[in-house]
Structure formats: structure tokens, C-alpha cells
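Architecture at a glance
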Amino acid sequence: MSFKESCKWIDSRQEDLLNNLMRLSEINSGTSNLEGIKTVADYFRSYFSGTADSISEIQSQSREHTDISGNKIKEEFGNLLSFKKRTEAPIQVLLAGHMDTVFPLSHSFQTPKKLDENTLLGPGVADMKGGILVMLTALQAYEASNHSNQLGWRVILNADEETGSHGSAETLEAAATTADVGLIYEPALADGTLSRARKGSGNFTVVATGQAAHAGREYDQGRNAIMGLYSAAQKLEQLTELENGITVNIARISGGTAFNVVPAAAVLQFNVRCQSVDQQHELDAKMKAVIHETAQQSEVALEISGGFSRPPKSISPANQLLMDWVVESGKQLDIDVQFKDTGGCCDGNNLAAVGLPNVDTLGVLGGQIHTADEFMLINSLTERAKLSLNILQKISEEGDRLQALSKRDNKN
Ligand SMILES: [Zn+2]
């Protein structure tokens, strides 16, 4: 098939893509619903079986973290799916998507609904079941077109992106080191704008341990864990530098027992965002200093855990070239592609951190994600599939330019 015929073929898939998306949206796949995740994985596995050379399931890793009550929790995640094609080709593309959504089984938002001719409301329709369908359609079209064998690809679908990809980051990062380009299918904004640089994000927990005492009889013998944390929280919040893109959000605090007891235990959770890796390292050191200093002054033991699961994504020259190609590919299809920086994070952060140039919002157009008003624009299923097909062809033709730039990036 020529490019024109491939585009026609993609257009002919519109109705079927919409039906598949509605079926997928109905299957709950909140990150913690491992059974639902498996059903969605099976769906994609059979949907895609004819296009890849090999399909495998990869076990995700579990993680331990401290919850708001101070308990250490072991968390399990759904398995990843991996599809490969032409692993020996000189140019390798990694395409990534996530099967999980932010909506647990207990949430009221469970079914898709067509709002009008071009708007579909539903859990995961934009973020990002629609995006995965865009990705798969583009690959199907690429394989059916007069493609070059210069390009091989690997698709990885993970199941825990919405909680920070703790169980899948290692697999994704390992895959990134053997790839030349990353394409990720998070939704674009409803006006079609894609994300450029992204802030890094870290979640931290501080557990405070003081000394309990009767508030009336032995007040002076107590060491108040809540007050220790309160003091730490104030100093942590002051690390915010809005003008430099650094924010510290004191998110949750819990502790204490009864009115007449000096509290011996309290827990604080906070989120930190920043724009560069240098800022990230500086913040790490400052936070540790705050915790150390406050523990000494308040005589409350403070233990900090957590870290930056999403390093900042800045734009390397290779990444800029890839973005230029996306804009060019859009122009050929009469799509005006714009890029904008964002404070939000996704797997694109982690792939960029290991040196993989990537564009991470190649999915459907949509909005209100993570809310019960999540919607996507129906005609963007085929529009964005055509865009991705064009990008794949561009990469297969000129991927060596990107490889040369990436090598130079790594040397710097
Ligand atoms: Zn997402």
C-alpha cells in the first residue's frame, strides 16, 4: 500500500476503533485491579497477535512503601506485555502505553457514553486506552504499507503508570537502552497540543516518632511527634521556588490518638517537582538537611523515605529533532502540531532520563483526565494514527540522523 492508501485504510477503521474503545473502557483496569488489568492485557494480546513477530508477558516488580498510618505496605502490580518486530533492524523504535487507569472498581465512573457525534466520555478513553489503539493501528498500517525493513519496533504496555510505574520502570528503562526513539501514547490536549519538557516528580514520606505522655500529669515528659513533623513540614514547604519551577506540596499528615495524650507517632507525605536534574540533586540534599536539623531541634525522631520516581524530562538536541519530525509529519496531513511544557509526568520522563529521545503525547485528543468527566475526541483515533504512521516512516528514512545526534548527546 502507498501512504495514501494506508491513510484510507486507517480512515476505514474509525467505526471499529470506536467500538473497541468502548468495550475496553467498560473493563475496569484501575491500577490495583489486577484481574481487570489481565482482561485488558488479553484483549490487546489478541488484538495485536497478527502484527508482531513475538509477544511475551513480563512480570512486574512489587514495591514496599510506607502508608499514611506509618505501616510498611507491599504493593503488587499487573504484568507488562511486550510485542516485538524486526529486532535485528538497524533503527529500533520503542512504543509505550499503559493499560491501567486511575479509577478503582469502587469508583462510580465505569461506563463509556457518547456525548455527541465526536465526543466519547468514559474511564480510560483518553488516558490511555484510546492511545494504545492509535499506536496499534499505526503499526498495523505501517506493516501493511511499503515500509522499509530498516525499522524494527517494540511495544511495551505496562500496568502501573498511574501510580508511578514502580513495577515497570526497570523493564522500560532496559528497553530504552536498546532503542533509538521512544513514542508514547498519552493523550494530547483537546486542542491537539503535545507535551514538550516535563517536570520531575518525587513522593516522600516522613515518619515521626516521639514520646507519649499524659497531657495533664506528665506533659513535660512527652515529645510531640505531630509538632516535630509540623516544624519539618513548614521548612520543607519553604524549599518551593515558584520562579525556578520548584514546588513542594505538603499533601497529607496524620497522627495522634486522644485529646489527653501527647502524640508519639505521626506521618507526613509530600510531593516535590522540579525542572532539572541539578535541581533534583540539590533538593534531595536540602530535604535531608531539613529532616536532620528538625529532628535534632525537636527531639523527635524523623525518618524520610521515598524518592523521585519521575526524573525531569528536558529536551536534548536529538529530542528536538524528533519533535521537528512530528511537526513536519503533521503538516503533511494538515495537522498543526504545537508543543508546550508541562508540570505533569509520565513514562516519557523515565525514558528521557536514560537518554532516549521521545515524544510522549501521541495518543488521542482529550481532556478532564483523572476525573469522571474524562473524554476523548472520536475523530482523533484515525487522525493521530495517520500522524504516527507518518512519524514511523520519517524515522525509518532518517533515523540515522537521530542516532548520530543521540551519540553526541551521550558524550556531553
Ligand atoms: Zn496516562
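Predicted model only: the values in this text are computed from it and were never measured.

From N to C terminus, the protein includes 10 helices and 20 strands. Relative to the 2.2 N^0.38 estimate, which gives 22 Å for 412 residues, the radius of gyration of the protein is 24 Å and therefore close to what a compact globule would have. Projected onto its principal axes, the C-alpha positions of the protein cover 85 × 50 × 35 Å. Relative to its 412 residues, the protein shows a buried fraction of 54%. Put simply, 80% of the contacts in the protein that link residues at least 6 apart link residues at least 24 apart. Here the protein displays about 18200 Å² of accessible surface, and carbon together with sulfur accounts for 47% of that area. Charged side chains of the protein number 37 positive and 52 negative; the gap between the two group centres comes to 2 Å.

This part is about the sheet that holds strand E13 (residues 247-255). Here four strands make up an open sheet; going across it, the order is E13-E15-E11-E16 and the pairing antiparallel. Pairing within the sheet leaves two strands with one partner each, and these edge strands are E13 and strand E16 (301-310). Strand after strand, the sheet turns through a mean of 15° between neighbouring axes, direction not considered. Summarising the sheet, strand E11 (residues 200-209) and strand E15 (residues 265-274) pair through 10 bridges and their orientation is antiparallel. Across the sheet, residue valine 206 finds its bridge partner in E15, namely leucine 268. Sitting on the sheet, helix H6 (residues 225-237) is in contact with E11, E13, E15 and E16, with an inclination near 10° to E15.

Now for the nonpolar core. The biggest cluster of nonpolar side chains holds 68 residues, and the ones touching the most others in it are Phe44, Trp153, Leu183 and Ile395. When residues of this core are assigned to their parent elements, the largest contribution, 12 residues, is made by helix H4 (residues 125-144). Look past the residues within four positions of isoleucine 395 in its chain and what remains in contact with it is Ile91, Val93, Leu151, Val181, Leu183, Leu322 and Trp325. In terms of nonpolar packing, the next biggest core, distinct from the first, is built from 23 residues, Phe204, Ala208, Leu229 and Ala233 among them.

A separate point is the pairing of strand E9 (residues 181-184). Neither face of E9 is open: one carries Val181 and Leu183, the other Gly182 and Ile184, and all of them are buried. As paired strands, strand E5 (residues 91-98) and E9 are joined by four bridges and run parallel to one another. Bridge pairing in E9 places leucine 95 opposite leucine 183. Here E9 runs beside strand E18 (residues 358-359); their pairing, made up of two bridges, is parallel. Bridging across to E18, leucine 183 finds its partner in valine 359.

Turning our attention to the domain arrangement of the protein. Note on interface size: it is often stated as the accessible area lost on association of the parts. Each assigned domain of the protein is listed with its residue range as follows: domain 1 (3-198 + 313-411) and domain 2 (200-310). Domain 1 and domain 2 are separated by 36 Å when their C-alpha centres are compared. Each partner contributes residues to the interface: domain 1 has 18 residues there, and domain 2 has 14 residues. Both faces combined, the contact of domain 1 with domain 2 buries some 1100 Å², and carbon together with sulfur accounts for 48% of it. Contact with domain 2 buries surface across domain 1, with Thr66, Ile68 and Cys345 losing the most and accounting together for 51% of the total.

Our focus in this paragraph is the pattern of salt bridges. Counted under the stated rule, the structure contains 19 salt bridges. The closest approach of N and O atoms between glutamate 143 and arginine 86, which form a salt bridge, is 2.7 Å. Of the two residues, glutamate 143 is situated in helix H4 and arginine 86 in the loop between strand E4 (80-85) and E5; the sequence distance between them amounts to 57 residues. This pair shows no difference in class: glutamate 143 is buried, exactly as arginine 86 is. Here glutamate 328 and lysine 394 are joined by a salt bridge, their closest N and O atoms 2.8 Å apart. With glutamate 328 in helix H8 (residues 317-332) and lysine 394 in helix H10 (residues 380-411), this pair connects stretches of sequence that are 66 residues apart. Taken together, the salt bridges that share partners define one network made up of Glu328, Lys394, Glu398 and Arg401.

Moving on to the coordination of the zinc ion. Listed as protein donors to the zinc ion are His98 (NE2), Asp127 (OD), Glu186 (OE) and Glu186 (OE); their distances from the metal cover 1.8 to 2.8 Å. One way to put it: the four donor atoms around the zinc ion meet at angles of 51 to 145°, and that makes the site irregular. Mapped onto the polypeptide sequence, the residues donating to the zinc ion form the spacing pattern H-x28-D-x58-E. Residue histidine 98 is found in strand E5, and its partner aspartate 127 is found in helix H4; the two are separated by 29 residues along the sequence. For histidine 98, a relative accessible area of 1% translates into the label buried. The class of aspartate 127 is buried, set by a relative accessible area of 3%.

Criteria and cut-off values
- Residues numbered from 1 in each chain as written.
- Predicted model: local features only at pLDDT ≥ 70, side-chain atom pairs only at ≥ 80, totals over all residues.
- Heavy atoms only, no water.
- Helix = DSSP H or I, 4+ residues; strand = E, 2+ residues; numbered from the N terminus.
- Rg over C-alpha atoms; globule rule 2.2 N^0.38 Å.
- Buried < 20%, exposed > 50% of the residue type's maximum accessible area, 1.4 Å probe, protein only.
- Contact = heavy atoms within 4.5 Å.
- Areas by Shrake-Rupley, 256 points an atom, 1.4 Å probe, with all protein chains shown as cover.
- Lys, Arg positive; Asp, Glu negative; His and termini not counted.
- Charge placed at Lys NZ, Arg CZ, Asp CG, Glu CD.
- Pairing = 2+ DSSP bridges.
- Axes fitted to C-alpha atoms, helices over the stretch in contact; angles between N-to-C directions.
- Core = buried A, V, L, I, M, F, W, Y, C linked by side-chain atoms within 4.5 Å.
- Domains from an automatic or database assignment.
- Buried area = accessible area lost by both parts, 1.4 Å probe.
- Salt bridge = Lys/Arg side-chain N within 4 Å of Asp/Glu carboxyl O.
- Donors = N, O, S within 2.8 Å, 3.2 Å for Na, K, Ca; no water.
- Tetrahedral: all angles 85-135°; square planar, octahedral: opposite > 155°, others 65-115°.

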